[in-house]
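Observations on the model geometry
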Amino acid sequence: MNRNLNLLMAAVGVIGANSLVLGPVSPSVGAALGRPAADVMLAAAGFGAVTALSALVLAPWIDRIGAARAIRLAFAALTLGLLLCGAAPSFGWLVAGQAIAGLASGVALPAAYALAAELAPPGRAAEALGRVLTGWTLAMVFGVTLSAVLADLVHWRAVFALAALGAGSLALVRLPNRPGGPVTPPWSALPRPGVARGLLAQAAMMTAFYGTYSFLGAHFERIGVPTLWGALPVLAYGIGFGLAGRFDPWLDRHGYGGAGPWVFGAVALSLLALAGGAGSLWTLVPAFFAWGLANHLGLGLLVGRLTQAGGAQKGAVLGLNTAVTYLAVVAGAAGFRPVFEGGGFALCAGVGAGLAALLAVEAISRRGSRPAAPA
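Residues numbered from 1 in each chain as written. Predicted model: local features only at pLDDT ≥ 70, side-chain atom pairs only at ≥ 80, totals over all residues. Heavy atoms only, no water.

Attention shifts here to the overall build of the chain. Broken down by element type, the chain carries 15 helices and zero strands. Taking 375 residues into account, the globule formula puts the C-alpha radius of gyration at 21 Å, and the chain, at 19 Å, falls close to it. With the C-alpha coordinates aligned to their principal axes, the bounding extent of the chain is approximately 50 × 45 × 35 Å. Across the 375 residues that make up the chain, the buried fraction comes to 55%. The long-range fraction of contacts in the chain, counting pairs at least 24 apart against all pairs at least 6 apart in sequence, stands at 85%. A total accessible area of about 14,700 Å² is found for the chain, and carbon and sulfur atoms account for 70% of it. (Helix = DSSP H or I, 4+ residues; strand = E, 2+ residues; numbered from the N terminus. Rg over C-alpha atoms; globule rule 2.2 N^0.38 Å. Buried < 20%, exposed > 50% of the residue type's maximum accessible area, 1.4 Å probe, protein only. Contact = heavy atoms within 4.5 Å. Areas by Shrake-Rupley, 256 points an atom, 1.4 Å probe, with all protein chains shown as cover.)

All right, on to the packing of helix 5 (residues 91-119) against helix 14 (residues 314-335) then. Look at helix 5 against helix 14: their axes get within 9 Å of each other, and the N-to-C directions meet at 130°. Classified by the angle between their axes, helix 5 and helix 14 sit oblique to one another. Once helix 5 is placed against helix 14, the crossing between them reads as right-handed. Side by side, helix 5 and helix 14 meet where Gly106, Leu109, Pro110, Tyr113, Ala114 and Glu118 of the first sit next to Lys314, Gly315, Leu318, Gly319, Asn321, Thr322 and Tyr326 of the second. Residues of the contact of helix 5 with helix 14, tallied by class, amount to six nonpolar, five polar and two charged. (Axes fitted to C-alpha atoms, helices over the stretch in contact; angles between N-to-C directions. Parallel < 35°, antiparallel > 145°, perpendicular 65-115°, else oblique. Left-handed = near helix turned anticlockwise from the far one by under 90°. Nonpolar A, V, L, I, M, F, W, Y, C, P; charged D, E, K, R; others polar.)

One can find alanine 167 in helix 8 (residues 156-171). Between the C-alpha atom of alanine 167 and that of alanine 10, which follows or precedes it by 157 residues, the distance is 9.3 Å. Not counting residues within four places of it along the chain, the set of residues in contact with alanine 167 comprises Val14, Phe75, Leu78, Thr79 and Leu82.

A word on the confidence of the model for the chain. Across the chain, the average pLDDT comes to 85, with 94% of residues at 70 or higher. Helix 7 (residues 135-153) is the least confidently modelled element of the chain, averaging 75 in pLDDT, while helix 4 (residues 67-87) averages 94, the highest of any element. Throughout residues 370-375 the model reports pLDDT below 50, and contacts reaching past four residues in sequence, or to other chains, amount to 21 contacts. (pLDDT = per-residue confidence, 0-100.)

Taken as a class, soluble globular proteins show a tendency for nonpolar side chains to be buried jointly. Membership of the largest hydrophobic core comes to 124 residues, with the highest contact counts inside it found for Leu8 and Phe75. Non-local contacts of phenylalanine 75, meaning those with residues more than four positions away in its chain, are made with Ala11, Val14, Ile15, Ala108, Ala167, Leu170 and Ala171. (Core = buried A, V, L, I, M, F, W, Y, C linked by side-chain atoms within 4.5 Å.)

Should the charged atoms of two oppositely charged side chains come close, the side chains can pair. This model, assessed by the stated rule, comprises three salt bridges. The salt bridge partner of arginine 197 is glutamate 362, with a shortest N-O separation of 2.7 Å. One end of the pair, arginine 197, is in helix 9 (residues 195-213); the other, glutamate 362, is in helix 15 (residues 337-364), with 165 residues separating them in the sequence. Salt bridges here are not isolated pairs; linked through shared partners, they connect Arg197, Arg305 and Glu362. (Salt bridge = Lys/Arg side-chain N within 4 Å of Asp/Glu carboxyl O.)

Another point: helix 10 (residues 216-223). Looking at helix 10, one finds that the buried residues are Leu216, His219 and Phe220. Buried positions in helix 10, seen along its axis, are confined to an arc of 100° and lie on one side of it. Projecting away from the buried face of helix 10 at angles above 90 degrees are the exposed residues Glu221 and Arg222. (Arc of directions from axis to C-beta.)

To continue, consider the environment of valine 183. Structurally, valine 183 can be placed in the loop between helix 8 and helix 9. By relative accessible area, which is 29% here, valine 183 ends up partly exposed. Here the alpha-carbon distance between valine 183 and serine 169, two residues 14 residues apart in the chain, equals 28 Å. Sequence-distant contacts of valine 183, defined by excluding residues within four places in its chain, comprise Pro60, Trp61 and Arg64.

Applying the stated criterion to the full structure yields twelve aromatic pairs. Ring centres 6.1 Å apart and planes at 80° place the aromatic pair phenylalanine 47 and tyrosine 326 in the edge-to-face group. Separated by 279 residues along the polypeptide, phenylalanine 47 in helix 2 (residues 37-57) and tyrosine 326 in helix 14 bring together distant segments of the chain. Across the pair, exposure class does not vary: phenylalanine 47 and tyrosine 326 are buried alike. Geometrically, the ring pair formed by phenylalanine 209 and tryptophan 291 is tilted, given 5.3 Å between the ring centres and 40° between the ring planes. Of this pair, phenylalanine 209 sits in helix 9 while tryptophan 291 is found in helix 13 (residues 281-310), placing the two residues 82 residues apart along the sequence. Of the residues examined, phenylalanine 209 reaches a relative accessible area of 9% and is grouped as buried. (Phe/Tyr/Trp six-rings, centres within 6.5 Å; stacked < 30°, edge-to-face > 60°.)

Attention shifts here to the layout of surface pockets. Taken as a whole, the second largest pocket holds about 300 Å³ of empty space. Lining of the second largest pocket is provided by 15 residues; of these, Ala17, Gly143, Leu146, Leu162 and Ala163 occupy positions nearest its centre. Sorting the residues of the lining of the second largest pocket by element identifies helix 1 (2-33), helix 7 and helix 8 as the ones contributing at least two each. Its residues placed into classes, the lining of the second largest pocket shows ten nonpolar, five polar and no charged. (1 Å grid on protein atoms, 1.4 Å probe; cavity = no way out; pocket = protein on both sides within 12 Å on 5 of 7 lines; lining within 4 Å. Points joined across faces, edges and corners; volume = space filled by probe spheres on them.)

The N-to-C vectors of helix 13 and helix 14 enclose an angle of 145°; their axes lie 8 Å apart at closest approach. The hand of the helix 13/helix 14 crossing is right-handed. For the pair formed by helix 13 and helix 14, the contact residues are Val303, Leu306, Thr307 and Gly310 on the first element and Lys314, Val317, Leu318 and Asn321 on the second. Tallied by class, the residues present in the contact of helix 13 with helix 14 amount to four nonpolar, three polar and one charged.

Further remarks concern helix 8. The end-to-end C-alpha distance of helix 8 is 23 Å, a good match for the 22 Å that 16 residues give at a rise of 1.5 Å each. Where helix 8 is concerned, the buried positions are Trp156, Val159, Phe160, Ala164, Ala167, Gly168, Leu170 and Ala171. Projected down its long axis, helix 8 carries its buried residues within an arc of 160°, all on one side. (Expected span 1.5 Å × (residues − 1).)

See the structure below:
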């Protein structure tokens, strides 16, 4: 099981790295393709939109062909998209490459989560999902950092070449496959008990994250923190997110209703710490570390809850989860912009804390439930 979960963690890391990679290299990409850096980020927005659409339309096929086969096919397509991005002679080709990568990611992410739940021994679903979620730490701590270094020392095209190498390698791996489920429209899973509430909870969690995180750079610009030093809170978040994996067995022992109020309460408190310490980089760093710890555990609970609620429709439900996650990028960045303009980063974090507090209250109503996937 450990080998397979490590492969799934690497898969999430590759997808996450592509989700974040255009930010640090956008000036270099724009200079090469004759477009401003802001235009380059439109390609990243297109990636998010296509990922959400793919998760709705294609992810239900995971149940029919099996999660492992879906991962191999998705990573073959992701390899093609990343190679196209790296070789793009113009901005249009970059957008096309990111669109193909989005189609692949909308299938690969829910397939990785579904397979982790299938491989987990009874009573250890949260621990297995937690290890796979650590792939986002790899993406944030190593993917973003390495992409910036490669772009500076070699070329931005080398960033996509390396990512394509990783994706191509994952397209060749063999993982246990369990096909045979029906292909159902994603909305047909909404009446299943717990699915709609679970998706609303995930939407609140992700909106709180992106509504706060999206404005960190703009906040540092306001208070005069240099870009290099501004990377410290992001690094602290990633380290906290990764270290939280040590506590995943605690989630299995206490279940959603037992652990949820404490975990989401910790998310709310960490966001309040961000709001209170927004004026100084050195108070933000430990607050981001705590936020990473709490967010890892919160995501583990939420994905585990949806996996359990999905039953035979895990692919469709986790596809909905991926769509909700990427739509939250838009909701956070666009919906919180007036909040940031009116009250700054501190108010964004305060609103996020309010959303997390609602999740803690909702979790209290689920005492006795467990996040484990069906054995």
